[in-house]
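Chain residues, written in single-letter form:
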Amino acid sequence: MVGQLRTHGELRTDTVTRAFATVPREAFAPGAPLEQVYNRDDVVITKRDENGLAVSSVSAPRIQAIMLEQADIRPGMRVLEIGSGGYNAALIAELVGPEGEVTTVDIDPFVVDRATQYLAEAGYPQVRVLLVDAEGGVPEHAPFDRIIVTAGAWDIPPAWTEQLAEDGVLVVPLRLRGLTRSIALVRERGHLVSCGYELCGFVPIQGAGANAERLVLLQSEDIALRVDGDQIVDADGLRNALTLPRVARQSGVEVGGFEPFDDLDLFLATALDAFGLLVAKPAAIEAGLVERSTRMGAKTALEGGSFAYRASQATSEDRTSFEFVVYGHGPDADRIANEYVELIREWDRLHRHGPGARIEVFPTATPHAEIPDGRLIEKRHTRVLISWPHLTSS
Ligand SMILES: C[S@@+](CC[C@H](N)C(=O)[O-])C[C@H]1O[C@@H](n2cnc3c(N)ncnc32)[C@H](O)[C@@H]1O
């Protein structure tokens, strides 16, 4: 597992590598097959809700490695982990060493009991495991040099910023218009600024900070749109749009091999005024109603009763290269599909090989006049600004 994490570039430093090579992962997933426990991409689900959805897990090693590298934890630091499983807290304990301090919190007593027991048995009794809704942080043990959130966060509550040391780093998988990115944030003149972000997926945060996403059903339960809670959606118009003939537009933009293009999704989510994820059951795809897309849903532009989404078409026989194709539905299908294609081309020209997005988090009370230009996503406690520095040479 460690070798694979190194090969894939997820483990980059010797210190984090050493921690992974030291902590026995199976001690935190008793009963799970070793091939699963030590597969770099496998999550071990430890609890599901009444609908069968995962609510707690020992996260995939790949994600844990990426986030611990982002966090840059050093000996002697005080670290807060939000969302417990035991394993990640043990890795952090290795990184901070005997002079450091690790606090891990979970909202679920089952998880807290489990993590407490396994940490003690694996030789990490010094890790403090607390039953807490992390919305309020853990003021009695603050400040923290690092705060690592291991559940999909909808927002950044004031407690996290307040309890972060002046030169601290907050690593948080933040949901932005349905997309999740693990963002490393540092303080800069009264707000938080990203110093990097990575693609990831997490079980949603529960409690006071629970996610405000909703699912708008477009055709029985076969086709639906997942949107942020604050987005106004013309559900009847969109249902009608599905019954009209669609348009298809080739973008001329190809991707292939192992080049990631998740930044295109983030770019579209920030460039478009209204954005959602179109999810469809296999029956609807086989019936030709919508095109096959990624598991997380097709990235969809919304405008009144029209919408357009992106899929891809293989351009080589061995299916290693693809062209983006946009499908438009509704009275404005043509225009919205063309605009979508233009955005794909803009990303290709200006951002594909660029530095990526700059993500800034301002408290809600910050006046608009003090916030630079960019897409502003309004949350309950914060205003999240996403801007795209250009490549100057193009
Ligand atoms: C992916 S698991 C954590 C994995 C863990 N860090 C590990 O070692 O792999 C996410 C956890 O977040 C917890 N959680 C969700 N909402 C929370 C909240 N508001 N406060 C504290 N914990 C929360 C869940 O109960 C769940 O156990």
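Note that this is a predicted model, so its numbers are computed, not measured.

Thresholds applied
Along each chain, residue indices are assigned from 1 in the same order as the chain's sequence is written. In view of the model being predicted, local features appear only for residues whose pLDDT reaches at least 70, and side-chain atom pairs are presented and counted only at 80 or more, with totals across whole chains, interfaces and linings using the full set of residues. As a rule here, side-chain values cover all heavy atoms of the structure and leave hydrogens and water aside. The distinction between a cavity and a pocket rests on a 1 Å grid over the protein atoms alone: a 1.4 Å probe fits inside a cavity but cannot get out, while a pocket stays open yet meets protein on both sides within 12 Å along at least five of seven lines, and a residue with an atom within 4 Å of a point counts as lining. Grid points are joined across faces, edges and corners, and a volume is the space filled by probe spheres set on the points. A run of DSSP states H or I qualifies as a helix once it reaches four residues; a run of E qualifies as a strand once it reaches two. Both are numbered from the N-terminal end. Amino acids outside the nonpolar list (Ala, Val, Leu, Ile, Met, Phe, Trp, Tyr, Cys, Pro) and the charged list (Asp, Glu, Lys, Arg) are all regarded as polar, and Gly is one of them. Should DSSP find at least two bridges between two strands, the strands are taken to pair. Each axis is a line fitted through C-alpha atoms, and for a helix only the stretch in contact is used; angles between axes span 0 to 180 degrees, taken between their N-to-C directions. By definition in these notes, contact holds between two residues if any of their heavy atoms fall within 4.5 Å. In these notes, residues near a molecule or strand are those with any non-hydrogen atom within 4 Å of it. Under this definition, polar contacts are N or O atom pairs within 3.5 Å; protein pairs additionally need one hydrogen-donor-capable and one acceptor-capable atom, and for neighbouring residues in sequence, both atoms have to be side-chain atoms. Reported accessibility uses the Shrake-Rupley method at a 1.4 Å probe radius. Residues are deemed covered only where the shown protein chains occlude them. If over half the atoms of a molecule are within 2 Å of the grid points of a cavity or pocket, the molecule is regarded as sitting in it.

Caption draft 1: Looking closely at empty space enclosed by the protein. Going through the model one piece at a time under the given rule, you end up with three cavities of 30 Å³ or more. Volume-wise, the largest cavity comes out at about 360 Å³. Taken together, 30 residues make up the lining of the largest cavity; nearest its centre are Gly 83, Ser 84, Asp 106, Thr 150 and Ala 151. Of all the elements in the fold, those that place two or more residues in the lining of the largest cavity are β2 (54–58), α4 (61–71), β3 (78–82), α5 (87–96) and β4 (101–106). Broken down by element, the lining of the largest cavity gets its largest block of residues, four residues, from β2. Each residue belonging to the lining of the largest cavity can be placed in one class, and the counts come to 15 nonpolar, eleven polar and four charged.

Caption draft 2: Structural view of the sheet that holds strand β13 (residues 275–280). Pairing is antiparallel in the open sheet, where seven strands are placed in the order β10-β11-β13-β14-β15-β16-β12. Each end of this open sheet is capped by a strand with a single partner; those strands are β10 (213–219) and β12 (247–256). The average angle at which neighbouring strand axes cross in this sheet is 30°, direction not considered. The sheet contact formed by strand β11 (residues 223–228) and β13 spans four bridges and is antiparallel. Its bridge partner lying in β13, Arg 226 is registered against Leu 277. Most of the contacts of helix α8 (residues 235–243) go to β10, to which it runs at about 40°, and overall it touches β10, β11, β14 (298–303), β15 (306–314) and β16 (321–329).

Caption draft 3: Broad picture of the site of the ligand. The full set close to the ligand counts 26 residues, and Ser 56, Gln 64, Glu 81, Asp 106 and Gln 206 are the nearest of them. Backbone polar atom of Gly 83 to a nitrogen atom of the ligand: 3.0 Å apart, as the coordinates give it. Between the ligand and Asn 88 there is a distance of 3.1 Å, counted from an oxygen atom to a backbone nitrogen or oxygen. Protein coverage of the free-state accessible area of the ligand, which is 610 Å², stands at 99%. Placement of the ligand is best described as lying within the largest cavity. Taken together, the elements giving at least two residues each to the shell around the ligand come down to β2, α5 and β4. The greatest single-element share of the shell around the ligand, amounting to four residues, is contributed by β2. Across the shell around the ligand, the residue classes tally to eleven nonpolar, eleven polar and four charged.

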